[in-house]
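# Coordinate analysis (summary)
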Amino acid sequence: MQAVWMILSSFLIASMGVCVKFASAHFTSAELVFYRGVVSIVFMALYARVHGTSLRTVYPAMHAWRSVIGVVSLSAWFYAIAHLPLATAMTLNYMSGVWIAAFLVGGALMLGKSGNKGPRQGSLVLAILASFAGVVMLLRPAIGQNQSFAGLVGLLSGLGAAFAYMQVMAISRMGEPEIRTVFYFAVGTAVAGALGMALTGTSAWNWQQALWLPPIGILASLGQLAMTRAYSMSQHHGGTLMVANLQYSGIVFAALYSLILFGDNIPLTGWAGMALIIVSAVAATVLRARAAPDAPAEEH
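It should be emphasised that the depicted structure is a prediction, and the values quoted were computed from it without experimental measurement.

If you tally the helices and strands in the protein chain, you get 13 helices and zero strands. The order of α-helices and β-strands along the protein chain, N terminus first, is α-α-α-α-α-α-α-α-α-α-α-α-α. Here the protein chain, with 300 residues, has 50% of them falling under the buried criterion. Sequence-distant contacts, at least 24 apart, represent 90% of the contacts inside the protein chain between residues at least 6 apart. Of the roughly 13,500 Å² of accessible surface on the protein chain, 69% is carried by carbon and sulfur atoms.

Here the focus is the side chain of Thr 181. The residue Thr 181 is located in helix H8 (residues 178-200) in this model. You can call Thr 181 buried: its relative accessible area is 4%. Each residue touching Thr 181, except ones within four places of it in the same chain, is listed here: His 63, Arg 66, Val 168, Ile 171 and Glu 176.

Each pair of packed helices gets described by two things: the angle between the helix axes and the distance between those axes. Between helix H3 (residues 60-83) and H8, the least distance of the axes is 8 Å, while the angle of their chain directions is 60°. Between H3 and H8, the angle is such that the two are oblique. Our pair here, H3 against H8, has a crossing hand that is right-handed. Of H8, the residues touching H3 (which contributes His 63, Arg 66, Ser 67, Gly 70, Val 71 and Leu 74) are Arg 180, Thr 181, Tyr 184, Phe 185, Gly 188, Thr 189 and Ala 192. Class assignment of the residues belonging to the contact of H3 with H8 gives a composition of five nonpolar, six polar and two charged.

Relative to each other, helix H1 (residues 2-23) and H3 sit at 65°, their axes nearing to 9 Å. Between H1 and H3, the angle is such that the two are roughly perpendicular. The interaxial crossing formed by H1 with H3 has right-handed handedness. Residue-level inspection shows Ile 13, Met 16, Gly 17, Val 20 and Lys 21 of H1 in contact with H3, the latter providing Trp 77, Phe 78, Ile 81 and Ala 82. Across the contact of H1 with H3, the residue classes tally to seven nonpolar, one polar and one charged.

Our next topic: the nonpolar core. By size, the foremost hydrophobic cluster in this structure holds 49 residues, and its most contacted members are Met 16, Leu 32, Trp 77, Phe 78 and Ile 216. The element that contributes the greatest number of residues to this core is H1, accounting for nine residues. If near-sequence neighbours (up to four positions away) are discounted, Leu 32 is found in contact with Val 20, Ala 23, Ser 24, Phe 27, Phe 78, Leu 213 and Ile 216. Core analysis: the next-biggest nonpolar cluster, separate from the first, contains six residues, Met 44, Ala 48, Phe 183 and Leu 225 among them.

As a further point, take the packing of aromatic side chains. With the rule as written, the count across this model stands at twelve aromatic pairs. Each ring, one from Phe 22 and one from Trp 212, has its centre 4.6 Å from the other, and the planes form 15°; the classification is stacked. With Phe 22 in helix H1 and Trp 212 in the loop between helix H9 (207-210) and helix H10 (213-237), this pair connects stretches of sequence that are 190 residues apart. Given a relative accessible area of 29%, Phe 22 falls into the partly exposed group. According to the relative accessible area criterion, Trp 212 is partly exposed, its value standing at 32%.

With that settled, the discussion passes to the environment of Gly 193. Mapped onto the fold, Gly 193 is located in helix H8. Residue classification places Gly 193 among the buried positions, given a relative accessible area of 1%. Separated by 157 residues in the primary sequence, Gly 193 and Arg 36 have C-alpha atoms spaced 8.9 Å apart. When sequence neighbours within four positions are dropped, the list of residues in contact with Gly 193 reads Ala 30, Val 33 and Phe 34.

Looking now at a nonpolar patch on the surface. A contiguous nonpolar surface patch, about 700 Å² in accessible area, is contributed by Val 252, Leu 256, Leu 259, Ile 260, Leu 261, Leu 268 and Trp 271. At the level of elements, helix H12 (249-260) and helix H13 (268-291) are the ones that each hand at least two residues to the nonpolar patch. Counting residues per element, the nonpolar patch draws most heavily on H12, which supplies four residues.

For Ala 161, the location among the structural elements is in helix H7 (residues 148-173). Residue class for Ala 161 comes out buried when judged on its relative accessible area of 6%. As for Ala 161 and Tyr 94, which are separated by 67 residues in sequence, their C-alpha atoms are 8.3 Å apart. Beyond its immediate chain neighbours, meaning those up to four positions away, Ala 161 contacts Ser 73, Asn 93 and Ser 96.

It is worth spelling out H8 at this point. An ideal rise of 1.5 Å per residue puts 33 Å on 23 residues; H8 measures up with 32 Å between its terminal C-alpha atoms. Within two residues after H8, Gly 201 carries a phi angle of roughly 85°, on the positive side.

About the criteria used
Residues numbered from 1 in each chain as written. Predicted model: local features only at pLDDT ≥ 70, side-chain atom pairs only at ≥ 80, totals over all residues. Heavy atoms only, no water. Helix = DSSP H or I, 4+ residues; strand = E, 2+ residues; numbered from the N terminus. Buried < 20%, exposed > 50% of the residue type's maximum accessible area, 1.4 Å probe, protein only. Contact = heavy atoms within 4.5 Å. Areas by Shrake-Rupley, 256 points an atom, 1.4 Å probe, with all protein chains shown as cover. Axes fitted to C-alpha atoms, helices over the stretch in contact; angles between N-to-C directions. Parallel < 35°, antiparallel > 145°, perpendicular 65-115°, else oblique. Left-handed = near helix turned anticlockwise from the far one by under 90°. Nonpolar A, V, L, I, M, F, W, Y, C, P; charged D, E, K, R; others polar. Core = buried A, V, L, I, M, F, W, Y, C linked by side-chain atoms within 4.5 Å. Phe/Tyr/Trp six-rings, centres within 6.5 Å; stacked < 30°, edge-to-face > 60°. Patch = residues over 30% accessible without salt bridge, like charges linked within 9 Å, V, L, I, M, F, W, Y side chains within 5 Å. Salt bridge = Lys/Arg side-chain N within 4 Å of Asp/Glu carboxyl O. Expected span 1.5 Å × (residues − 1).

The following block contains the structure:
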């Protein structure tokens, strides 16, 4: 069942990407971030009330910093979805696992703590290099010359997600429930989105176009909850590593959406690049599981 929950989570998050893709034709990235945050605030507040979880925290600074990092990553991801094929934007965002592995290896080398882990780190370095090769294969055929900036923003979204994940790990070690962490991230997205709207202005309101906005927050919240359920079950019944790797099924769902709904043309080299990134991300997940076996679920 934990596998089913993780696949469901990946499907929900990819479906949220579809809504963002359609809504981005009528709303700015700041507006999408704002509405995503507002809907998630209401949803998570109700969820916390049903489960009897208090939303009061004694670590406001840590939640604020996590929100700042997460909002940058989320905004970059929404921008990438708006300007790139959905499968490409999703793949670049899911590179967060590879970035985390790079940080772990880099930190160990800087501190001189490689020890007898040299062979393992050497294999991981190869996996990281393979992932970057996959990025080159994916971006060259999948985006036009006028989309180079969007490709860089997509890479930034994955890098930001890696930093946000590590901050979530730190908050989790403090004993904060994940419901509270997700709630305060939603608050941060709403505030950041509102500030962005104040600077860039708002789009013309059309109720028919606005119907894409509520599903963004609802699907994001449901996806995070399904992911949490998957990790919770895996801790009791085993299979945490399998569950972590199944999150990359979101790239497959996004690719199918790209082909069916948007008619995106992904050449063979693009598919090969996506496959290479997925394999490298799985290898990175293995290292992450060994380095931080009790880490919480990664958010997208």
